[in-house]
Structure formats: C-alpha cells, structure tokens
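Summary of the model geometry
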Amino acid sequence: MTPLWRQLQAAASVLQAIREGTSATPALAAVDAPLRPGVQALVFHALRHLGRAEVLRSLLANRTPPPKADALLCLALALAWRAEDAPYEPFTLVNQAVEAANRGPAKAQASFLNACLRRFLREREELVAISERDPVAVWNHPRWWIQRLKKEQPERWQAVLAANNRHAPMTLRINQRKSTVAHFIAALTATNIGAEAVGASGVQLNAPHPVQAIPGFESGTFSVQDAAAQLAAPLLLRELDTRQPLRLLDACAAPGGKTAHLLELADAHVTALDIDAQRCERIHQNLQRLGLRAEVVAADAANPDAWWNGLPFDGILLDAPCTASGIVRRHPDVRWLRRESDIAQLAGIQAQLLHRLWPLLRPGGRMLYCTCSVFQAEGREQIETFLTRHTDAVFRPSPGHLMPQNGVDGQTFSDNGLGDNDGFFYALLEKRVV
Ligand SMILES: C[S@@+](CC[C@H](N)C(=O)[O-])C[C@H]1O[C@@H](n2cnc3c(N)ncnc32)[C@H](O)[C@@H]1O
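Model, not experiment: these values are computed from the prediction.

The rules we used
- Residues numbered from 1 in each chain as written.
- Predicted model: local features only at pLDDT ≥ 70, side-chain atom pairs only at ≥ 80, totals over all residues.
- Heavy atoms only, no water.
- Pairing = 2+ DSSP bridges.
- Helix = DSSP H or I, 4+ residues; strand = E, 2+ residues; numbered from the N terminus.
- Axes fitted to C-alpha atoms, helices over the stretch in contact; angles between N-to-C directions.
- Contact = heavy atoms within 4.5 Å.
- Buried < 20%, exposed > 50% of the residue type's maximum accessible area, 1.4 Å probe, protein only.
- Near = heavy atom within 4 Å.
- Polar contact = N/O pair within 3.5 Å; in protein donor to acceptor, adjacent residues only side chain to side chain.
- Areas by Shrake-Rupley, 256 points an atom, 1.4 Å probe, with all protein chains shown as cover.
- Nonpolar A, V, L, I, M, F, W, Y, C, P; charged D, E, K, R; others polar.
- UniProt positions renumbered as here; feature names shortened; annotations may be inferred.
- Right-handed = clockwise from strand over helix to strand, strands pointing away.
- Domains from an automatic or database assignment.
- Phe/Tyr/Trp six-rings, centres within 6.5 Å; stacked < 30°, edge-to-face > 60°.
- Lys NZ or Arg CZ within 6 Å of the ring centre and 35° of its normal.
- Core = buried A, V, L, I, M, F, W, Y, C linked by side-chain atoms within 4.5 Å.

Quick word on the sheet that holds strand 3 (residues 202-205)
- Reading across the sheet, the four strands line up as 2-3-1-4 and stay open at both edges, with antiparallel pairing between neighbours. Because the sheet does not close on itself, it has two edges, and the strands there are strand 2 (195-198) and strand 4 (222-224). Each adjacent strand pair in this sheet contributes to an overall mean axis angle of 30°, direction not counted.
- With four bridges connecting them, strand 2 and strand 3 associate as antiparallel partners. When the sheet's bridge partners are listed, Ala-195 is paired in strand 3 with Leu-205.
- Against the sheet, helix 12 (residues 181-190) engages strand 1 (171-174), strand 2, strand 3 and strand 4, with an angle of about 25° to strand 3.
- The strands touched by helix 14 (residues 257-265) within the sheet are strand 1 and strand 4, with strand 1 carrying the most contacts at an inclination of about 35°.

Regarding helix 11 (residues 157-164)
- Burial within helix 11 is extensive, with six of its eight residues counted as buried.
- Taken as a whole, helix 11 has its buried residues at Trp-157, Ala-159, Val-160, Leu-161, Ala-163 and Asn-164.

Regarding the site of the ligand
- Around the ligand, the structure places 18 residues, and the nearest of them are Asp-274, Arg-279, Asp-300, Ala-301 and Asp-319.
- Here an oxygen atom of the ligand and a backbone polar atom of Gly-256 are 3.3 Å apart.
- At 2.9 Å from a nitrogen atom of the ligand is found a main-chain nitrogen or oxygen belonging to Ala-301.
- Notes on the ligand: free accessible area 600 Å², of which the protein chains cover 83%.
- When its residues are assigned to classes, the shell around the ligand shows 10 nonpolar, two polar and six charged.

Thoughts on the UniProt feature "binding site: S-adenosyl-L-methionine" (unreviewed entry) in the protein chain
- The UniProt feature table records "binding site: S-adenosyl-L-methionine" (unreviewed entry) at Cys-252, Ala-253, Ala-254, Pro-255, Gly-256, Gly-257, Lys-258, Asp-274, Asp-300 and Asp-319.
- Turning to its location among the elements, Ala-254 is positioned in the loop between strand 5 (246-250) and helix 14.
- Setting aside residues up to four positions removed in sequence, Ala-254 forms contacts with Asp-274, Arg-279, Cys-280 and Ile-283.
- On the secondary structure map, Gly-256 appears in the loop between strand 5 and helix 14.
- Accessibility expressed as a relative area gives 1% for Gly-256, which makes it buried.

Quick look at the sheet that holds strand 10 (residues 393-402)
- With mixed pairing, the seven strands of this open sheet are ordered in space as 7-6-5-8-9-11-10. This sheet does not close on itself; its edge strands, each paired only once, are strand 7 (295-298) and strand 10. If you compare each strand with its neighbour and ignore which way they point, the axes differ by 15° on average.
- Judged from the three bridges that link them, strand 5 and strand 8 (residues 313-319) form a sheet pairing that is parallel. Counted as the bridge partner of Leu-249 is Ile-316 from strand 8.
- The sheet contacts of helix 17 (residues 341-357) involve strand 5, strand 8 and strand 9 (361-371), and relative to strand 9 the element is tilted by about 165°.
- Lying on the sheet, helix 18 (residues 380-389) is in contact with strand 9, strand 10 and strand 11 (424-431); it crosses strand 11 at an angle near 15°.

Considering the pairing of strand 5
- Counting buried positions along strand 5 yields five of five residues, so the element is predominantly enclosed.
- Alternating residues of strand 5 divide into Leu-246, Leu-248 and Asp-250 and Arg-247 and Leu-249, and every residue in both groups is buried.
- Both strand 5 and strand 6 (residues 268-274) contribute to a ladder of five bridges, which runs parallel. The residue of strand 6 that forms the bridge with Arg-247 is His-269.
- With helix 14 bridging strand 5 and its parallel neighbour strand 6, the resulting β-α-β unit is right-handed.

A few points about the domain arrangement of the protein chain
- The domain boundaries assigned to the protein chain delineate domain 1 (4-140), domain 2 (171-224) and domain 3 (229-431).
- The straight-line distance from the C-alpha centre of domain 1 to that of domain 2 is 37 Å.

Structural notes on the packing of aromatic side chains
- All told, the structure shown has nine aromatic pairs when counted by the stated rule.
- The interplanar angle of 65° and the centroid separation of 5.3 Å between the aromatic rings of Trp-145 and Phe-375 together place this pair among those described as edge-to-face. Highlighted residues: Trp-145 in helix 10 (residues 143-152) and Phe-375 in the loop between strand 9 and helix 18, separated in sequence by 230 residues.
- Assessed through its relative accessible area of 0%, Trp-145 is described here as buried.
- Members of the aromatic cluster, each reached through a chain of ring pairs, are Trp-144, Trp-145 and Phe-375.
- A cation over an aromatic ring shows up here: Arg-148 above the ring of Phe-375, its NZ or CZ 5.7 Å from the ring centre.

So, the nonpolar core
- In terms of nonpolar packing, the biggest core is built from 56 residues, with Leu-8, Val-39, Leu-72, Leu-75 and Phe-120 touching the most fellow members.
- Broken down by element, the residue count for this core peaks at 11 residues, all from helix 5 (residues 67-80).
- If we ignore the near neighbours within four places in the chain, the residues touching Leu-75 are Leu-8, Ala-11, Ala-12, Leu-15, Leu-42 and Ala-46.
- Leu-149, Leu-246, Leu-263 and Cys-322 belong to the second largest nonpolar core, which has 51 residues in total.

Printed below as a string of structure tokens:
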C-alpha cells in the first residue's frame, strides 16, 4: 500500500499547481494513475478547507514559506484542523506531512513545518477559535468572493457559500428516446441503487456510483447532468413549435450535454458549435453513445461570417463561457483559480457573443442565454444591458439566477424550484416580429 506521506507529497504538488493557475483536472492527470483517486480525495478535501488552512498558517508562521513547503503545510492544516471530518487522525497526518517534507522538495523547510504543525496540534482549539474571526476561514472562499456575494445576495450569501462547501449529488438525465424516469428508477432499484426523480427527466442517486456500474450507460439510456443544467433544453423548446423540424444552434456546445438534451426532446437540426476542436470530439462521442446526430462545427461563435450559411435559426442556446462560480461544489478548485477581474473580462466575452449571435435568430425565434455563474454581471446585469441595446428583444418568463443549494440538509430557496442543484442563470429572449 502507498504510504500516506507519498500521497501527501503528490497532493501538495497538485495544490501548488492549482495555486499557480492550473485547473484540478490537468493537475491531477499528472499524478501516477494508481495514486490518483486517493490524491484527488485529499486535494478536494483540502480545497474545501483551504481558507481555514491559510488563516491558521498565518497564525503559526510570521512569514509565508516557499511555495512547495507552503503547499504541504496548508494541505496538512486543511486536512487536520477539524478532527471530526479529517480523513486521517490529525497526529498521523502531521507525522506523515513532516515525513513528506523530509523526503521531498520541501526538505530544507522540514524542521520549520515540523515546528508549525506540532504547535498546531498543541494549541489547536485556541488557534481555531482565533481563526473563526476571519470570514475566509469560516467560509473557505477568497475574501473578494465573500464580499461580492454578500453585496449581491444579502439574504442568501451564507447559504450559498455553505452549499458550495458541500458535496454535490450525482444526478442523471434520462434519454427519453430510450427510457422513462419511472422505468429507469425501477432498473436501478433492481440493482440496489437508491434514487429518486428530480425535475422532468432527472434522477438523483442516493450515493455516487461509477457510470459504468449504472445500468444503461453504454446503451445511452442516461447522461450525467446536474438538475439545474437540465432546465436549459426544455426552456428553449418551451415556446417553439416542435411539430416542425427546428433549426437550432447550440453556440458553446462542448462536451454536448445540452445539445444531446435538445435532440432527446425534439426532432431538430442542431448545429453544435464550439471553439475548442478537442472538446468537439467529446460532443461526437457523447452523441454517438446516446444515438443522436448533430452537425458539429469547431469555430468561434463570435465570428459567424466564418461558419454561418445565412439560414436563420428558430432557436439559439448560448451557454456562455463564465466564471463557473455556480458549480463550486463539484469543482472545489474554481474559487481559488478565479480572480475578481475575471468576472468583467468574461462578461465582456458574453456580451460580444450575445450581440454577434442575435442577428442569426429569425423574428419570432427564441434565444436562451445561460451561465453556470451566481454573479450578476454574468446574469441579470448582462441581460438588462442587452435588452437596452437590442430593442427587438423581449424578455420571456425565465428562472433568472438559481442559487446552488442542497435539498437534503441545507437551506433551500423557494424560488429555485429544484431540491438540489448547481448555481445557474437563465434568460429566455424572444425576437420581436416587426
Ligand atoms: C459552459 S461550457 C459549455 C457546456 C455545454 N453547453 C454543455 O452543456 O455540455 C462553455 C463552452 O464554450 C466554449 N467557448 C468559449 N468561447 C467560445 C466561442 N467564442 N465560440 C464557441 N465556443 C466557445 C468553450 O470551449 C466551452 O466548451
């Protein structure tokens, strides 16, 4: 069995890579395959407690150690600070973290780490009590994020941050061309997988399972998709006449989750566009597994001259690139990767995509704009600005900002509609017939 110190060394390298701006997925891909699942569990736990760890480190050390040693120190503090949910007994974690320092690139700081961590074990209660005064330690998000959310969501910011620190459930979308929610739940029950229906086509599992272990994956009976993301396709199709074959554009489509949902619900010609050619491959793979067909195009949605044939679309889905601030519970690295300046930069890209794609919609057609963000600059404010600049656009009833929430043990928001979902923003726009 791999000794814990080796796993801690690998987890500290991943944490350092994330701090330097690499996403968790590629950072974890660099870890040896046999170590990866254990290292991922340690890193995800640490990311959910990194704010606490950094505040504790600042109480223990009057200077920040060099990056490799700091990553190991903060990792150990994040894992050990609260005995109740520590993945290993805190003394073991500390011993093994010092071992990891002694045997790796943080060797020169090993005695410093040892001193900090031993003091932490001796004075844990007192240090944790002091750290409680800092919101970064309490909420485990960057200070700017907490302040912004507090201002934008004065009633909800604490519940949203608390939801972000919980684990998301595994939610599936049933391919209605192959099965129904009721049949699928019956098949799950027969294999002892507990689940319940959520939304129109969703099934939420009581516990996560590898997809291959769930009946019907290879044959395309279901896809993995959060409950809030499952609202997109029905919303876009809601007011379109689906008796005619529709011409639809999914402008930012990869890996194809919402493209597939559109095709499961309607007989449509769907152009699935994405700027990233490699990610377009994922659209092909997903559609093939589900038994669906779309025209997949690798191109920049903001430059239609390069790919549009001039035939207007009945419906456009714009699932725009965003901060991903609504899917933090599934991607605990996101909060530490983002800078506050990313919001304005991404809002600029979203505004350009909206503006460039709007002329491609036929009069009477619908555009659904969505982001998996909780920030208003990427949602409500974006659409308010768009509506003032495009007088032929009419706002149709839409969910607006959905906040991440946990229906099982957390606070739920009555206007969210679903029990357990990621944060999303949805605005449905109709082009006026003049
Ligand atoms: C939120 S993801 C889309 C998720 C997808 N709709 C789904 O449900 O599976 C945003 C996508 O936008 C793509 N993208 C970013 N800028 C783009 C652009 N200018 N044109 C087309 N695609 C773009 C990214 O490559 C990324 O795949």
